[in-house]
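Structural overview
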Amino acid sequence: ELAKQDTVCSCTERYWMLFSSRVIRGTWGGGRIGRCRRWLSSLCEWPRHDHVPIYLVDAFTEGPFHGNPAAVCLLPDDVTASSRWMQNVAMEMNQAETAFVAPLTHDDSKFSLRWFTPVAEVDLCGHATLASAKVLFQERFASKEKKIEFQTRSGILTASDDTGEKSNDLFTLEFPSEPVEMLTDKSEIERVLSSLGDVGVKFVGRTKFDYFIELESEKEVREFQPMFDKIAAIGRRGTTITARASSPNDYVARFFAPQLGIPEDPVTGSAHCALGPYWGSQLGNKRNLTGFQASKRGGTVRVNILNEDRVELKGGAVVTMKGELRVLVL
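Residues numbered from 1 in each chain as written. Predicted model: local features only at pLDDT ≥ 70, side-chain atom pairs only at ≥ 80, totals over all residues. Heavy atoms only, no water.

1. Examining the overall build of the chain
Put simply, the rule reads: Starting at the N terminus, helices and strands are each numbered in turn, a helix being any DSSP run of H or I of at least four residues and a strand any DSSP run of E of at least two. Note on exposure labels: buried denotes an accessible area under 20% of the residue type's maximum, exposed denotes more than 50%, and partly exposed covers the range between, all computed with a 1.4 Å probe on protein chains only. Only the protein chains shown count as covering a residue, and every accessible area follows the Shrake-Rupley method with a 1.4 Å probe.
In terms of regular secondary structure, the chain is built from 10 helices and 18 strands. Of all 330 residues assigned to the chain, the portion counted as buried reaches 51%. For the chain, the accessible area works out to roughly 16200 Å², and carbon and sulfur atoms hold 50% of it.

2. As for helix 10 (residues 272–282)
In terms of burial, helix 10 is largely enclosed, as 9 of its 11 residues are buried. Turning to helix 10, its buried residues number three or more, namely His 272, Cys 273, Ala 274, Leu 275, Gly 276, Pro 277, Tyr 278, Trp 279 and Gly 280. Remark: Gly 284 follows helix 10 within two positions and exhibits a positive phi of approximately 80°.

3. Looking at the pairing of strand 17 (residues 310–315)
Rules: Criterion used throughout: strands pair if DSSP finds at least two bridges between them.
Of all 6 residues that make up strand 17, 5 are buried, and the element is covered over most of its length. In this structure, strand 8 (residues 171–176) lies alongside strand 17, joined through 6 bridges in antiparallel fashion. The residue bridging Thr 172 from the neighbouring strand is Lys 314, located in strand 17. In this antiparallel pair of consecutive strands, strand 16 (residues 299–305) and strand 17, the connection spans 4 residues.

4. Side note on the nonpolar core
What counts is decided by this rule: Joining through side-chain atoms within 4.5 Å is the link that ties buried Ala, Val, Leu, Ile, Met, Phe, Trp, Tyr and Cys residues into a set, and such a set is a nonpolar core.
In terms of nonpolar packing, the biggest core is built from 58 residues, with Leu 74, Val 101, Trp 115, Leu 136, Ile 148 and Phe 150 touching the most fellow members. No other element matches helix 6 (residues 126–138), which puts 7 residues into this core. The next biggest cluster of nonpolar side chains, apart from the first, holds 17 residues, and it includes Leu 196, Val 221, Phe 224 and Ile 234.

5. Section: the environment of Trp 85
Formally: We call two residues in contact whenever any of their non-hydrogen atoms come within 4.5 Å of each other.
Relative to the helices and strands, Trp 85 resides in helix 5 (residues 83–93). Separated by 245 residues in the primary sequence, Trp 85 and Leu 330 place their C-alpha atoms 6.0 Å from one another. In this structure, Trp 85 is in contact with Cys 73, Leu 75, Phe 100, Leu 325, Val 327, Leu 328, Val 329 and Leu 330, ignoring residues within four places of it in sequence.

6. Points about empty space enclosed by the protein
Using the following cut-off: Grid spacing is 1 Å over the protein atoms alone, the probe is 1.4 Å, and a cavity is where that probe fits but cannot get out, while a pocket is an open set with protein on both sides within 12 Å along at least five of seven lines and lining residues have an atom within 4 Å of a point. Grid points are joined across faces, edges and corners, and a volume is the space filled by probe spheres set on the points. Under the scheme applied, nonpolar residues are Ala, Val, Leu, Ile, Met, Phe, Trp, Tyr, Cys and Pro; charged residues are Asp, Glu, Lys and Arg; polar residues are all the others, including Gly.
For the structure on display, the rule yields 2 cavities of 30 Å³ or more. Looking at the largest cavity, its volume works out to about 100 Å³. Glu 97, Arg 237, Phe 255, Asp 265 and Thr 268 are, among the 14 residues lining the largest cavity, the residues nearest its centre. Only helix 6, strand 13 (251–257) and strand 14 (262–265) provide two or more residues apiece to the lining of the largest cavity. Looking at the lining of the largest cavity, its residues break down into 7 nonpolar, 4 polar and 3 charged. Estimated volume of the second largest cavity: approximately 60 Å³.

7. A short note on the pattern of salt bridges
What counts, and what does not: In what follows, salt bridge is the name for a side-chain nitrogen of Lys or Arg lying within 4 Å of a carboxyl oxygen of Asp or Glu.
One pass over the structure, following the stated rule, counts 19 salt bridges. The closest approach of N and O atoms between Asp 58 and Arg 297, which form a salt bridge, is 3.1 Å. One end of the pair, Asp 58, is in strand 1 (residues 52–59); the other, Arg 297, is in the loop between strand 15 (288–293) and strand 16, and 239 residues separate them in sequence. On the basis of relative accessible area, Asp 58 is assigned to the buried category, the value being 3%. When the shortest N-O distance is used, the salt bridge between Lys 146 and Asp 108 registers 2.9 Å. Here the residue Lys 146 occupies a position in the loop between helix 6 and strand 6 (148–152), and Asp 108 occupies one in the loop between strand 3 (98–103) and strand 4 (110–116), the gap between them amounting to 38 residues. With relative accessibility at 37%, the residue Lys 146 sits in the partly exposed group.

8. Re the side chain of Thr 98
Here Thr 98 shows up in strand 3. Here Thr 98 falls in the buried class, since its relative accessible area comes to 0%. Look past the residues within four positions of Thr 98 in its chain and what remains in contact with it is Ala 71, Ala 90, Met 93, Arg 114, Trp 115 and Phe 116.

9. Examining the packing of aromatic side chains
This is how it is decided: Under the pairing criterion, centres of Phe, Tyr and Trp rings, with the six-membered ring standing for Trp, must be within 6.5 Å; the plane angle then separates stacked pairs below 30 degrees from edge-to-face pairs above 60, leaving the rest tilted. Counting as a charge over the ring demands two things of the Lys NZ or Arg CZ atom: a distance within 6 Å of the ring centre and an angle within 35 degrees of the ring normal.
For the structure on display, the rule yields 10 aromatic pairs. An angle of 45° between the planes, with centres 6.5 Å apart, marks the rings of Phe 111 and Phe 150 as tilted. Placement of Phe 111 in strand 4 and of Phe 150 in strand 6 is noted, with a sequence separation of 39 residues between them. No difference in accessibility class separates Phe 111 from Phe 150, as the two residues are buried. Arranged with centres 5.5 Å apart and planes meeting at 40°, the rings of Phe 203 and Tyr 278 form a pair that is tilted. Taken together, the positions of Phe 203 in strand 10 (residues 201–206) and Tyr 278 in helix 10 put the pair 75 residues apart, joining distant regions of the chain. The pair formed by Phe 203 and Tyr 278 is uniform in burial state, with each residue classed as buried. For the cation-ring pair, Arg 236 lies above Tyr 211, with the distance from its terminal atom to the ring centre recorded as 5.6 Å.

This is a description of form; function is not addressed.
What follows is the structure in structure tokens.
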């Protein structure tokens, strides 16, 4: 059997093309070719500069075409990609976020991670981190037995694969908690309120990144009609609106960042780093919460408050596309 595998595994990229019809017919996993594919996949060889895979992943969903799509690019370890090149790739992908992942050491659990919108690099992104973890675990570049450690502009973020456990096929991210500070400057409050139009507002605050507004009802959040030009003009990374929700969710939210090329973000993991603790406090120090982001695509984020500094975000992810960049890494 080993001799058979050695013979089959000497095949080059030509063999994958020759047998692609078997993939279409759904018979790829059987026979000697299937054994070869499984044997090769266990090697987890990281991409080189002439083979740069890129993925499209729907994050914070358990099915395709929902949640928030993110592109994930696995950077080659034999060249260094410039920020300008990564920004150009993000512009080409035209997703809310494109994540760029590179190995830090020979350890299969430590990676660098950067996030780019079509127009700028950002300091923190939840759904693209979840998408990156999904790709690394699924493609066997990371072991499911260990947590992934991502080195980012927001410090060390971790991700674990809990699929197959009692967590409904969810991945778990550990992120910094983002406290919400009440606004007190009257001119700033008026500027924020003028960007919202005629809605009932219960609270106006801000986090490290965004403005944070609680509306009077879930209905107002769901039916809110954003004025993107006014939201873009008030500054900060973006604007979160939220309200208490009906069961099974604890809260509902939406997020807008038109100044970053994201009119409305489908599901914003980093915003839930503030939403979870805020609503946990509002709901009697509740530690485990479920938030629904009521965008057109919609998505669910489960938040576990670890302490006043850290939170866990839980969600599913689905790879919908895999391709290869045909441009030089510069």
